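Summary of the model geometry
Residue-level listing of the chains:
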Amino acid sequence: MADSYFPKGMPLPQGGMHDQEYWAWTKRHRLMIQRCTKCGTFRHNPIPHCFKCRSLDYLWVDQVPPIGVVYTFTIVRAPAHPALVGRPPFNVAVVELSRAGGVRLATNLVDMNPNGKEPVSQVARWNNPAKVPAFELDPKSIRIGMPVEVVWEDHEDVTLPLFCPSTDPEALAAAERHTKAAPPKTAPPKTRGAA
Amino acid sequence: MPWSMRDKTCIAGIGETEFLPWGQARRSEFQMACEAIITTCEDAGLPVEQVDGIFSYADDRNNGPWIARALGIPQLRINNMFWGGGGGGGSGAVCNAMMAVYSGVCNYAIAFRSLAQGQFGRFGQSRAAERVQGEGAHSSPFGLMNPVHRYALHARRHMHEFGTTEDHLCNLSLASYKHAQRNPRAVMYGRPITRELYHKSRYISEPLHLYDCCQENDGAAAVLVTTPERARDLKQKPTFLMAAAQGTGPHEGGYASPEYPTSNFNSVAKDLWARSGIEPKDIQVMQIYENMTSMVLMSIEEHGFCKRGEGGPFSDGGRLEHKLVADPGAPHAGKLPMNTSGGNLAEAYIHGLELVTEAVRQMRGTSTCQVEGAEICLVASGPGVAPVSDLIVRR
C-alpha cells in the first residue's frame, strides 16, 4: 500500500483551457464527461467542439456510478521516466466508460480488496473524500472485458481517476455486453512473474 | 480524385551516413544532415549548389536555411516541413518534394532526416515535466509516456479481437533481423536472433518484447527528387515515384476511434492504391516502418495485403523473408520480402527515411537482399500516428 500508484516525481496534470473543469471535477471526486447538448454525442479528452455536429454547447455528465470495462491494457516493465526507476512493473489500462457512449480513457488499475478480506463500500469509495488505501493489482488478474469502477487518488492539488475491479451490477452487465460483442480470440496473456 | 503525378518525378540520388547505436555519433546531428545531403548529390552527380528545395518531417532540428548556408546553396526556393506525425512523415516529406518539383516550385529537392538520439534525448525515454498540459495530462500521469506503451495497448487489443499471438509478432522481427545479417551497414549486422531468443527476451511493455521495438540510433539519410527530364543528365538510372499519399483517419490520439486498434492507414492506403493504378498483388518487395512489430502487422492489413485481423497468419511460413534467408522448406518463403535492409528494427532507426533509400536500392538492383526482378516497391512510413504517409516507387 502506498499513497499513490506511482512514486513522487511523476508528472501530474495541469488543467488547460479545454480541461480545467474536468480536473476541477475530479478534485471533487466526480467523473464528468463532456456531452454535446445539440446531438448528444459524448467526447473525451475534453475539447471545445463536438466532432459530430461542431456545436460548442455541451454539458458535463456525471458518471454515476463511475463504472467501465477494461478495453485494453499493458504491463510496463521498462521504466521510461526518472521517477519510475526501481518501481516494480505497473499496468496502464484503457477503460471504456459504460455510461458515456463508450468513450475511453487511460488509467491505472489498483486493488481495493486484497485477499478478499476487506470489502470497501462502494458508496465510501465514490463519495467519501477520506483517503481509501489502494493496493497493487496482480497483473495476472487483469483481463480485457473486466468490470471496473473509479477509485480517486488525491494529490495535493489534483485528483487522478484510477480504477479497481468492480462487483457493481451495472458494471457486471456492461462487462458481459462487452465480452459478447468482442469475445476473446486468444488465451489470456501469459505474464512472467508477479509485479 | 485525379492524380496527375504518376511517374512524373523520380529519385535521382540517395545518401546515408554510417548508422550507429544512440549516443555513438562523434559528430553533430547537423553535420550528419549535411553529410547525407552531400553524399546524395555525389550519388546523383549533381553539384550541391543546384539543390533548391529542402524537405523534412518530425520537426527535424536542422532547418533548411542553416543547411543552405552551410552547404553554400545560393538560392533555396522552398523550405518545407511535413506537419506532425513524427516518423509517419517520411514518405510525406518525399511526397511534398514531388509536389514542389512537379509544380515547378523547385528543380532539385532534398528530403532528409537526421537524428542523433544520443545528443537530444532518446525516444524510448520520457522527459515529461512535473506538470503536463493538454493531451499529455491524460496519459503521462498514468505512466503512458512513450510510443511502446501506446502501441502495446493496440497490440493487446488486436490479440484479443483477432487471435494474434506473440509468435506472429516474432515473424516480423525475424524477417528484419535476418535481412540485416546480409547488410554490413546494419547496426544489428552480425547479431542474429532466433525464435527462441525472441520469446526469451524481456518484455518492454507487455505483450511487446525487446525485439518488437525499433532501435534508437544516430544517423542521417537523404534522397534527391527531381523530374525524369533533369535526371537524364545525372549519373543514376532514376527510380520513378508512382504515387504517394498522406493524411489521417478519424479520432487519432483518442482511444474511442471506431477503427481502434489501427495503424491509421485505412484511408491513406486507399488513396495510394487509387493513385498508383496498381494493387497489393503487384507488389514484389516492401519497406514497412517498424515502431513496434504489432503496428507493422496492422500496416500490412490496412494496406490491403490481407483482411483486417489476418495479419498474424499472413506473416507465417516465411512470407516476409527473402528466399536467401528463409528457413528451408518454409511454405511461403520469399513471397513478399519486407524490410530487406533490416528496417528500423535491425538496420537503423533513421526515422524511416532509410526505408526510402532501401526501396531505391531495390529498384536499382543494389540491395544486399536484392529481390530478383523487382520492379515496384512499397514504402509505408510510421504507423499509428497522425498524419501517416506512404509511397510507391518503380524501376
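Let me begin by describing the structure that accompanies this report. (Residues numbered from 1 in each chain as written. Chains lettered and ligands numbered in written order. Predicted model: local features only at pLDDT ≥ 70, side-chain atom pairs only at ≥ 80, totals over all residues.)

In this section: the overall build of chain A. Within chain A, the regular secondary structure consists of three helices and 11 strands. Counted from the first residue to the last, chain A has its helices and strands arranged as β-α-β-β-β-β-β-β-β-α-β-β-β-α. Taken across its 195 residues, chain A has 44% of its residues classed as buried. Excluding contacts between residues fewer than 6 apart, the proportion of contacts in chain A whose partners are at least 24 apart in sequence is 62%. (Helix = DSSP H or I, 4+ residues; strand = E, 2+ residues; numbered from the N terminus. Buried ≥ 20, exposed ≤ 12 C-beta atoms within 10 Å, placed from the backbone. Contact = placed C-beta atoms within 7 Å.)

To continue, consider the interface of chain A and chain B. At the interface, 38 residues of chain A touch 41 residues of chain B. For the side of chain A that touches chain B, the secondary-structure elements that each account for two or more residues are β1 (12-13), β5 (67-76), β6 (90-97) and β7 (104-107) of chain A. If you tally residues by element for the side of chain A that touches chain B, the top one is β5(A), at six residues. Its residues assigned to classes, the side of chain A that touches chain B comprises 22 nonpolar, 11 polar and five charged. Both β1(A) and strand β6 (residues 131-132) of chain B contribute to a ladder of two bridges, which runs parallel. Counterpart to A:L12 in the pairing with β6(B) is B:R131. (Nonpolar A, V, L, I, M, F, W, Y, C, P; charged D, E, K, R; others polar. Pairing = 2+ DSSP bridges.)

Let us now look at the packing of helix α6 (residues 166-180) of chain B against helix α10 (residues 293-302) of chain B. All names here are of chain B. For the pair α6 and α10, the least separation of the axes is 9 Å and the interaxial angle reads 90°. One element, α6, and the other, α10, form an angle in the roughly perpendicular class. Two secondary-structure elements touch here, α6 through H168, L169, L172 and S173 and α10 through T293, S294, V296 and L297. Looking at side-chain class alone, the contact of α6 with α10 contains four nonpolar, four polar and no charged residues. (Axes fitted to C-alpha atoms, helices over the stretch in contact; angles between N-to-C directions. Parallel < 35°, antiparallel > 145°, perpendicular 65-115°, else oblique.)

Residues and elements named next belong to chain B. With 16 residues, helix α5 (residues 147-162) extends 22 Å from end C-alpha to end C-alpha; this agrees with the ideal 22 Å at 1.5 Å per step. A large share of α5 lies buried, amounting to 15 of its 16 residues. Positive backbone phi, approximately 80°, marks G163, located one or two places after α5. (Expected span 1.5 Å × (residues − 1).)

This paragraph deals with the pairing of strand β4 (residues 78-81) of chain B. Residues and elements named next belong to chain B. Judged from the four bridges that link them, strand β3 (residues 53-56) and β4 form a sheet pairing that is parallel. Within β4, the position partnered with G53 by the bridge is I78. In terms of handedness, the path from β3 via helix α2 (residues 64-71) over to β4 forms a crossover that is right-handed. (Right-handed = clockwise from strand over helix to strand, strands pointing away.)

All names here are of chain A. What the three strands build is an open sheet, ordered β3-β2-β4; its pairing is antiparallel. Taken across any chain shown, the strands that pair with only one partner, and hence form the sheet edges, are β3 (42-43) and β4 (58-62). In terms of strand pairing, strand β2 (residues 32-36) meets β4 through five bridges, oriented antiparallel. By the bridge assignment for β4, M32 is matched with D62.

Turning our eyes to something else, we now look at the packing of helix α1 (residues 29-44) of chain B against α2(B). All names here are of chain B. The geometry of α1 relative to α2 is characterised by a closest axis approach of 11 Å and an angle of 65° between their N-to-C directions. Between α1 and α2, the angle is such that the two are roughly perpendicular. For the pair α1 and α2, the crossing hand works out as right-handed. Contacts between α1 and α2 involve F30, A33, C34 and I37 on the former and, on the latter, W66, I67, A70 and L71. Partitioning the contact of α1 with α2 into residue classes produces eight nonpolar, no polar and no charged. (Left-handed = near helix turned anticlockwise from the far one by under 90°.)

Attention now moves to the environment of A:I75. With respect to the element layout, A:I75 can be found in strand β5. With 22 C-beta atoms counted inside 10 Å, the residue A:I75 sits in the buried group.

A few words on the environment of B:Y198. Turning to its location among the elements, B:Y198 is positioned in helix α7 (residues 195-200). The residues contacting B:Y198, other than those within four sequence positions of it, are B:C170, B:S173, B:L174, B:I193, B:H209 and B:Y211.

Here we come to the nonpolar core. In terms of nonpolar packing, the biggest core is built from 170 residues, with B:V94 and B:A111 touching the most fellow members. Once you skip the residues sitting within four places of it in the chain, B:V94 turns out to touch B:A111, B:V223, B:V225, B:A244, B:V356 and B:L391. (Core = buried A, V, L, I, M, F, W, Y, C linked by C-beta atoms within 7 Å.)

On to helix α13 (residues 353-364) of chain B, then. All names here are of chain B. Between its first and last C-alpha, α13 extends 17 Å over 12 residues, near the 16 Å set by a 1.5 Å rise per residue. Along α13, 10 of the 12 residues are buried, which leaves the element largely enclosed by surrounding structure. Where α13 is concerned, the buried positions are L353, E354, L355, V356, T357, E358, A359, V360, Q362 and M363. Positive phi shows up at G365, right after α13, with a value of about 80°.

What follows concerns the pairing of strand β10 (residues 147-154) of chain A. Residue and element names in this part refer to chain A. Across the eight residues that make up β10, a large majority, seven, are buried. Pairing analysis gives three bridges linking β5 to β10, with the strands arranged antiparallel. Bridge assignment links V69 to a residue of β10, and that residue is P147. As defined by bridge partners, β10 adjoins strand β11 (residues 159-165) across seven bridges and the pair is classed as antiparallel.

Residues and elements named next belong to chain B. Note the cis peptide between E206 and P207, where omega equals 5°. Structurally, the position occupied by P207 is in the loop between β7 (203-205) and β8 (208-209). The residue after Y260, namely P261, is reached through a cis peptide bond having omega 0°. As for its position among the elements, P261 is in the loop between β10 (239-247) and α9 (266-276). Phi angles above zero are rare outside glycine, and D59 is one such case at about 55°. The topology assignment puts D59 in the loop between β3 and α2. Residue D59 is classed as exposed on the basis of its 12 C-beta neighbours within 10 Å. For N339, which is not glycine, the phi torsion reads 55° and is therefore positive. Along the chain, the position of N339 falls in the loop between α11 (311-314) and α12 (343-347). N339 sits in the buried class, given 30 other C-beta atoms within 10 Å.

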